[in-house]
Amino acid sequence: MQGILTIFRKEMEDQFSSTRFLLISALIVMVGVIVASMVGMAIKEEVRGLPKPTLLFLLLFTATGKFFSFAQFLGFFGPLIGIILGFDSINRERVSRTLSKLVSQPIYRDSIINAKFLTGVAIIATILVSIVLIITGLGLPLTGVVPGAEELWRLAIYLVMSILYISFWLGISILFSVIFRSTATSALASLAVWIFFSFFISLGAGFLADAIAPIGQQGAGGVDPQVVLKNAKIQGAISLVSPMTLYSEATSTILDPMRKTTSSLILMGPLERISLSRFQSPLPLIQSLAIVTPHMVTLVAITLLCFGVCYAVFMRQEIRTI
Amino acid sequence: METPWIIETEELTKRYDGFTAVDHLTLQIREGEIFGFLGPNGAGKTTTLLMFLGLTEPSGGKVRVCGFDPARDPLRVKGSVGYLPENVGFYDDMTARENLRYVARLNGIPDSVSSKKIDDLLRLVGLTEEATKKEEATKKVGTYSKGMRQRLGIAEVLVKEPKLVFLDEPTIGLDPDGTNRMLDLIRSLSKEKKITVFFSSHLLEQVQRICDRVGIMIKGNLVAVGPIQELAKNKLGVDKEHYTLEEIYMKYFKEV
């Protein structure tokens, strides 16, 4: 415990005094201000025509405004925060030959990697909480409503999920920093994984689904609905491999109480469709949670798995190579 | 009463798939002595050190360091053993004092206790000199020369008040003056602070100057161990007055 705390403290000091953190902070302020002002102005458009707009506050995070919503932005670029924080955590020490010194001190070897991971998570939490607070602070006067308890709960759950999601990417980048000696290689490898999951999985899901269950040409008999269904199911299943899809499906349901399912229109059963069109009232929080529980559990699982792999690789590494 | 052994090994062996790095090493080091550990590159010296520290698990045999088994009780061993690796690394954007404080914290020494000790150590290794008003300790380590880094390395090893220190090539890359000061420092550690010094090197002239006993390791085998004089008697003949360690070493080396 002693070792973890000492390394954690030192790593936090390092992070907070680094140029990297300064850059990330500048980014946070920028994103916060841009999102709040953009959405604040667009929010009037969004609620036009609604007789009695509800849950206005959460719209700050989900309304797309001119370009993107905050939730989309975080889903897409959030991984970069994790990668930036973790890509050189172990191999930097290896290059400067301080790792062999650390392991010859009376601390358990795993406290090194635990402390590094904890530091990353703490920094991620700091960053996310401050962005959300900036947007809230700027957004309150813009929208003119005070959030209710349920909205705050939803926001808190969203924050926890975002921290988990970015920690997964932190885990990926720490893993590469354990495997590769060069910091540039590990940064590039992490970026490659990010690009793979954010662009290629969604592209590939479409291709694969078409290959397995080709919808075919509109013939005389029309398109077989069973095949369309199968195609959509396959596509959905494959894209769920990407943590990005997992995260965005889960958070959009949490942040938007009007969303009652994570599946697309094609896959909805008739009852779901009826209920969607009949009942235009928001879901209670507990129901929203019930919908995305599998997503959340999976998110927790892959984050833990990723850290577990990191841990195992680091602990098994022959000390000579350190 | 005989001084107790601080390191005892019995048939200590380390194999990396198919290759034997250390072959049935049996060795005892007495408390307080300066032991020179010689051998060509790749002879298994560093592997032996890593096994003593519990950083690598032996494939066979027994080893006890400071009365503990490093493989079973690595924290106890690391708490009382200092290790200065070859080409020691520091956090370059921290000052010497901050580097030492970090190591002290890792050893569970509170800042209130360590700050005075760090001052003493910096003075001991010559990184603070009140006379010349030079205050090197407040500079970032990134600006340090090789010699200063080595001296800081010694200070860092001593922060935890070790009973035993492993020095892996501590004088490599130092200028002649720096080498002399380093050797004097090492000798004073042994004589004044009663710290056992395990000195691994292949600079034979230096080993001859400061070591009480030497061990020669070639291809994973300990081919000779004992006081230099004794080895000289065995290998070069009793009558020889002027001998160098190098002659002895080369003789052993050719035999293998």
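Read on for a plain summary of the structure. (Residues numbered from 1 in each chain as written. Chains lettered and ligands numbered in written order. Predicted model: local features only at pLDDT ≥ 70, side-chain atom pairs only at ≥ 80, totals over all residues.)

### Structural notes on the overall build of chain B
Then, in step 1: Secondary structure summary: chain B contains 9 helices and 11 strands in total.
Then, in step 2: Whereas a compact globule of 256 residues would reach a radius of gyration of roughly 18 Å, chain B reaches 19 Å, a difference of no more than 12%.
Then, in step 3: Along the three orthogonal principal directions, the C-alpha set of chain B runs to about 55 × 45 × 40 Å.
Then, in step 4: Put simply, chain B has 256 residues, and 43% of those count as buried. (Helix = DSSP H or I, 4+ residues; strand = E, 2+ residues; numbered from the N terminus. Rg over C-alpha atoms; globule rule 2.2 N^0.38 Å. Buried ≥ 20, exposed ≤ 12 C-beta atoms within 10 Å, placed from the backbone.)

### Structural notes on the sheet that holds strand 9 (residues 196–200) of chain B
Residues and elements named next belong to chain B.
Then, in step 1: With mixed pairing, the 6 strands of this open sheet are ordered in space as 5-8-9-3-10-11. Only two strands of the sheet have a single neighbouring strand rather than two, namely strand 5 (81–84) and strand 11 (221–227). When strand polarity is set aside, the average angle formed by the axes of neighbouring strands in this sheet is 15°.
Then, in step 2: The pairing of strand 3 (residues 34–38) with strand 9 spans 4 bridges and is parallel. By the bridge assignment for strand 9, phenylalanine 35 is matched with phenylalanine 198.
Then, in step 3: Running over the sheet, helix 1 (residues 45–52) touches strand 3, strand 8 (164–168), strand 9 and strand 10 (213–218) and is turned about 155° from strand 8. (Pairing = 2+ DSSP bridges. Axes fitted to C-alpha atoms, helices over the stretch in contact; angles between N-to-C directions. Contact = placed C-beta atoms within 7 Å.)

### Here we look at the interface of chain B and chain A
Often, the extent of an interface is quoted as the loss of accessible area on bringing the components together.
Then, in step 1: Contacts between chain B and chain A engage 21 residues on the former and 15 residues on the latter.
Then, in step 2: Only helix 2 (74–80) and helix 3 (96–106) of chain B provide two or more residues apiece to the side of chain B that touches chain A.
Then, in step 3: Among the elements that make up the side of chain B that touches chain A, the one with the highest residue count is helix 3 of chain B (4 residues).
Then, in step 4: For the side of chain B that touches chain A, a count of residues per class yields 12 nonpolar, 6 polar and 3 charged. (Nonpolar A, V, L, I, M, F, W, Y, C, P; charged D, E, K, R; others polar.)

### A few points about the sheet that holds strand 1 (residues 5–16) of chain B
All names here are of chain B.
Then, in step 1: One open sheet accounts for 3 strands, arranged 2-1-4; its pairing is antiparallel. Here the strands that pair on one side only, and so sit at the sheet edges, are strand 2 (19–30) and strand 4 (60–65). The average undirected angle you get between the axes of adjacent strands in this sheet is 15°.
Then, in step 2: Pairing between strand 1 and strand 2: 8 bridges, direction antiparallel. Residue pairing for strand 2: tyrosine 16 is matched across the bridge by phenylalanine 19.

### Describing the packing of helix 8 (residues 228–236) of chain B against helix 9 (residues 245–255) of chain B
Residues and elements named next belong to chain B.
Then, in step 1: Where helix 8 contacts helix 9, the two axes come as close as 10 Å, and the packing angle between them is 55°. Compared by their axis directions, helix 8 and helix 9 come out oblique. In this structure, the crossing between helix 8 and helix 9 has a hand that is left-handed. Along the contact surface, helix 8 presents Ile228, Leu231, Ala232, Lys235 and Leu236, while helix 9 presents Leu245, Glu247, Ile248 and Lys251.
Then, in step 2: Class assignment of the residues belonging to the contact of helix 8 with helix 9 gives a composition of 6 nonpolar, no polar and 3 charged. (Parallel < 35°, antiparallel > 145°, perpendicular 65-115°, else oblique. Left-handed = near helix turned anticlockwise from the far one by under 90°.)

### Topic: the pairing of strand 9 of chain B
Residues and elements named next belong to chain B.
Then, in step 1: Among the 5 residues of strand 9, 5 are classified as buried, and the element is accordingly described as predominantly covered.
Then, in step 2: Going residue by residue along strand 9, you find Thr196, Phe198 and Ser200 tucked away on one face and Val197 and Phe199 tucked away on the opposite face as well.
Then, in step 3: Relative to strand 9, strand 8 is paired through 5 bridges, and the arrangement is parallel. Each residue of the ladder has a partner; that of aspartate 168, found in strand 9, is serine 200.

### A short note on the packing of helix 7 (residues 110–143) of chain A against helix 13 (residues 285–316) of chain A
Residue and element names in this part refer to chain A.
Then, in step 1: Contact geometry of helix 7 with helix 13 gives a least axis separation of 10 Å together with a crossing angle of 145°. In the crossing of helix 7 with helix 13, the sense of the turn from one axis to the other is right-handed. Between helix 7 and helix 13, the contacting residues are Asp110, Ile113 and Phe117 on the first element and Phe307, Cys310, Tyr311, Phe314 and Met315 on the second.
Then, in step 2: Per-class residue counts for the contact of helix 7 with helix 13 are 7 nonpolar, no polar and 1 charged.

### A few points about the environment of proline 270 of chain A
Then, in step 1: Counting through the fold element by element, proline 270 of chain A comes out in helix 12 (residues 270–278).
Then, in step 2: Remark: the alpha-carbon pair of proline 270 of chain A and leucine 170 of chain A, spanning 100 residues in sequence, is separated by 41 Å.

### Let's talk about the nonpolar core
Residue and element names in this part refer to chain B.
Then, in step 1: Ala155, Val165, Phe166, Val197, Phe198 and Phe199 are the most contacted members of the largest nonpolar core, which totals 73 residues.
Then, in step 2: In terms of residue count, the dominant contributor to this core is helix 3 (6 residues).
Then, in step 3: If sequence neighbours within four positions are ignored, phenylalanine 199 has contacts with Ile34, Phe35, Gly36, Phe37, Leu167, Ile186, Val207 and Cys211. (Core = buried A, V, L, I, M, F, W, Y, C linked by C-beta atoms within 7 Å.)

### Digging into helix 11 (residues 243–255) of chain A
An α-helix turns once per 3.6 residues; consequently, residues spaced three or four apart project the same way.
All names here are of chain A.
Then, in step 1: An ideal rise of 1.5 Å per residue puts 18 Å on 13 residues; helix 11 measures up with 18 Å between its terminal C-alpha atoms.
Then, in step 2: Those residues of helix 11 lying buried are Pro243, Met244, Thr245, Leu246, Tyr247, Glu249, Ala250, Thr251, Thr253, Ile254 and Leu255.
Then, in step 3: Contact partners of the buried residues in helix 11: helix 3 (56–62), helix 4 (70–86), helix 8 (149–179), helix 9 (183–212), helix 10 (225–239) and helix 13. (Expected span 1.5 Å × (residues − 1).)

### Brief notes about the environment of valine 113 of chain B
Residue and element names in this part refer to chain B.
Then, in step 1: Within the secondary structure layout, valine 113 lies in helix 4 (residues 111–124).
Then, in step 2: You can call valine 113 exposed: it has 10 C-beta atoms within 10 Å.
Then, in step 3: Here the alpha-carbon distance between valine 113 and leucine 164, two residues 51 residues apart in the chain, equals 21 Å.

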